[in-house]
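Here is how the chains run, residue by residue.
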Amino acid sequence: MGNRILITGAAGFLGSHLCDKFIDKGFDVIAMDNLLTGKLDNIKHLFPLKNFKFYHHDVTKFIHIPGQLDYILHFASPASPIDYLKMPIQTLKVGSLGTLHCLGLAKNKKCRILVASTSEIYGDPEIHPQHEEYWGHVNPVGPRGVYDEAKRFQEAITTAYNSYHGVDTRIARIFNTYGSRMRIDDGRALPTFMYQALSKKDITIYGDGSQTRSFCYIDDLVEGIYRLLLSDHSLPVNLGNPEEISIRDFAQEIIDLTGSRSKIVYDVLPLNDPQQRQPDISKAKAILNWEPRYSRSEGLKKTLAYFRQAIDKQKVED
Ligand code: UDP
């Protein structure tokens, strides 16, 4: 196998870190993004490199890549709740039509494809922690349905291309991940709390904050994706950090970390907001010999430096 890889969603948070990883590993990276939620700023440092190419393209339209291709990473999609609530149709299209086009391309080029699935396919889970055999508890017509169902369809069509067309597929079920290049305004808990804490604004907790999440540092996730791509396992694999925390405690952790005097205020819990979420990563440990290396406190310290800079930059631009 050669080392020419297409990464969709390449200008996004995860996609841009994956570009860095595969460039570091000596791959020829073809980056694709329609810049709906991604930013060229995230990958502009790669533009001068000979083994990096960028195509401004929407993967819901037919994808043409000249020449040989060895791998595809399909990471294009709005991924934060406020983004997919604002862009429900694009979210459904990129998970369905976008995945179809990536799979067709993989079939045509006889290359391996890894698709970015999500813990959201488990919905508001009734079992805890969530292992890969759990089918989930998703409301198709709820506000999160556009993302959850697009990703569930993505898993189904990827599996069908594997069994019917023999395409070499991988499915990563990605849990909450954080790190540099997250958008300050993407509405997710971590960027919002960081922004609020660093700008002396109130920290907004939705509901009573007893809902839990498990946050994985970006470098750990990227290593997991890399190992999964190079593995021979076609069934879905959870990738995330099992260290679970309630949103209330998480907000407090960020207040302590930043030394902020922001106070916590409570707001309504969005509809169908999952009550608990924690990956069971036994499978990733066994198959990929992978587990997260960064504790939350280490990861958050690194991420704080990024947010300080990003917020300062925004102030200058305003
Ligand atoms: N959340 C919150 N305040 C915010 C943003 C999010 O309390 O300003 C809550 C949200 O309701 C959810 C949790 O934090 O329970 C994680 O939300 P996020 O959007 O980061 O990710 P997801 O719900 O997709 O896991």
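To be clear, the structure that these remarks concern was listed above.
Rules and cut-offs
- Residues numbered from 1 in each chain as written.
- Predicted model: local features only at pLDDT ≥ 70, side-chain atom pairs only at ≥ 80, totals over all residues.
- Heavy atoms only, no water.
- Core = buried A, V, L, I, M, F, W, Y, C linked by side-chain atoms within 4.5 Å.
- Buried < 20%, exposed > 50% of the residue type's maximum accessible area, 1.4 Å probe, protein only.
- Helix = DSSP H or I, 4+ residues; strand = E, 2+ residues; numbered from the N terminus.
- Contact = heavy atoms within 4.5 Å.
- Phe/Tyr/Trp six-rings, centres within 6.5 Å; stacked < 30°, edge-to-face > 60°.
- Lys NZ or Arg CZ within 6 Å of the ring centre and 35° of its normal.
- Pairing = 2+ DSSP bridges.
- Axes fitted to C-alpha atoms, helices over the stretch in contact; angles between N-to-C directions.
- Right-handed = clockwise from strand over helix to strand, strands pointing away.
- Disulfide = S-S within 2.5 Å.
- Salt bridge = Lys/Arg side-chain N within 4 Å of Asp/Glu carboxyl O.

### Focus on the nonpolar core
Ranked by size, the top nonpolar core spans 61 residues in total, and within it Phe-22, Leu-73 and Ile-225 carry the most contacts. The greatest single-element share of this core, amounting to seven residues, is contributed by helix α6 (residues 218-230). Setting aside anything within four residues of it in sequence, one finds Ile-225 in contact with Leu-18, Leu-73, Phe-75, Leu-114, Ala-172, Ile-174 and Leu-239.

### Structural notes on the packing of aromatic side chains
The final tally for this structure, using the stated rule, is 13 aromatic pairs. With centroids separated by 5.8 Å and ring planes inclined at 45°, the aromatic side chains of Phe-47 and Phe-52 adopt a geometry described as tilted. Among the aromatic residues, ring-to-ring pairing joins Phe-22, Phe-27, Tyr-71 and Tyr-226 into one connected group. The residue whose ring lies beneath Lys-21 is Tyr-226, and the NZ or CZ to ring-centre distance is 5.2 Å.

### Quick word on the environment of Ala-76
Among the secondary structure elements, Ala-76 is positioned in the loop between β4 (71-74) and α2 (81-86). In this structure the C-alpha to C-alpha distance between Ala-76 and Met-1, which are 75 residues apart in sequence, comes to 24 Å. Apart from the residues lying within four places of it in its own chain, the contact partners of Ala-76 are Thr-8, Gly-9, Val-59 and Val-94.

### As for the sheet that holds strand β5 (residues 112-118)
Strand order in this open sheet of seven strands is β3-β2-β1-β4-β5-β6-β11, and the pairing throughout is parallel. If you trace the sheet from one side to the other, it starts and ends with β3 (52-56) and β11 (237-239), each paired once. Adjacent strand axes in the sheet meet at a mean angle of 20°, parallel and antiparallel pairs treated alike. Looking at chain direction, β4 and β5 are connected through four bridges and run parallel. Across the sheet, the residue bridging to Tyr-71 is Arg-112, located in β5. Together, β1 (4-8), β2 (28-33), β3, β4 and β6 (169-174) form the strand contacts of helix α1 (residues 13-24), whose direction differs from that of β1 by roughly 170°.

### Side note on the pairing of β5
Judged by how many residues are buried, β5 sits mostly within the fold: seven of seven residues are covered. Inspection of the sheet shows β5 paired to β6 by six bridges, in the parallel sense. Of the residues in β6, the one forming a bridge with Thr-118 is Ile-174. Read from β5 through helix α4 (residues 145-165) to β6, the crossover connection turns out right-handed.

### Concerning the state of the cysteines
Tallied over the entire structure, the rule returns zero disulfides. Cys-111 supplies the cysteine sulfur nearest to Cys-102, a cysteine that is in no disulfide, at a spacing of 9.5 Å. Classification of Cys-102 by relative accessible area gives buried; the value is 0%.

### Regarding the pattern of salt bridges
Taken as a whole, this structure holds 21 salt bridges when the rule is applied. Note that Arg-227 is salt-bridged to Glu-223, the shortest N-O span being 2.8 Å. Of the two residues, Arg-227 and Glu-223 both sit in helix α6, four residues apart, roughly one turn of that helix. Of the residues examined, Glu-223 reaches a relative accessible area of 22% and is grouped as partly exposed. If you follow the salt bridges from partner to partner, you end up with Glu-120, Arg-144, Arg-213, Asp-273 and Arg-277 in one network.

### Things to note about helix α5 (residues 189-198)
The buried fraction of α5 amounts to eight of the ten residues, a majority that puts the element mostly inside the structure. Of the residues making up α5, those classed as buried are Leu-190, Pro-191, Thr-192, Phe-193, Met-194, Gln-196, Ala-197 and Leu-198. Structurally, α5 contributes buried residues whose contacts are with β7 (177-178), β8 (203-206), α7 (247-258) and α9 (296-317). Phi turns positive one or two residues past the end of α5, at Lys-200, with a value near 55°.

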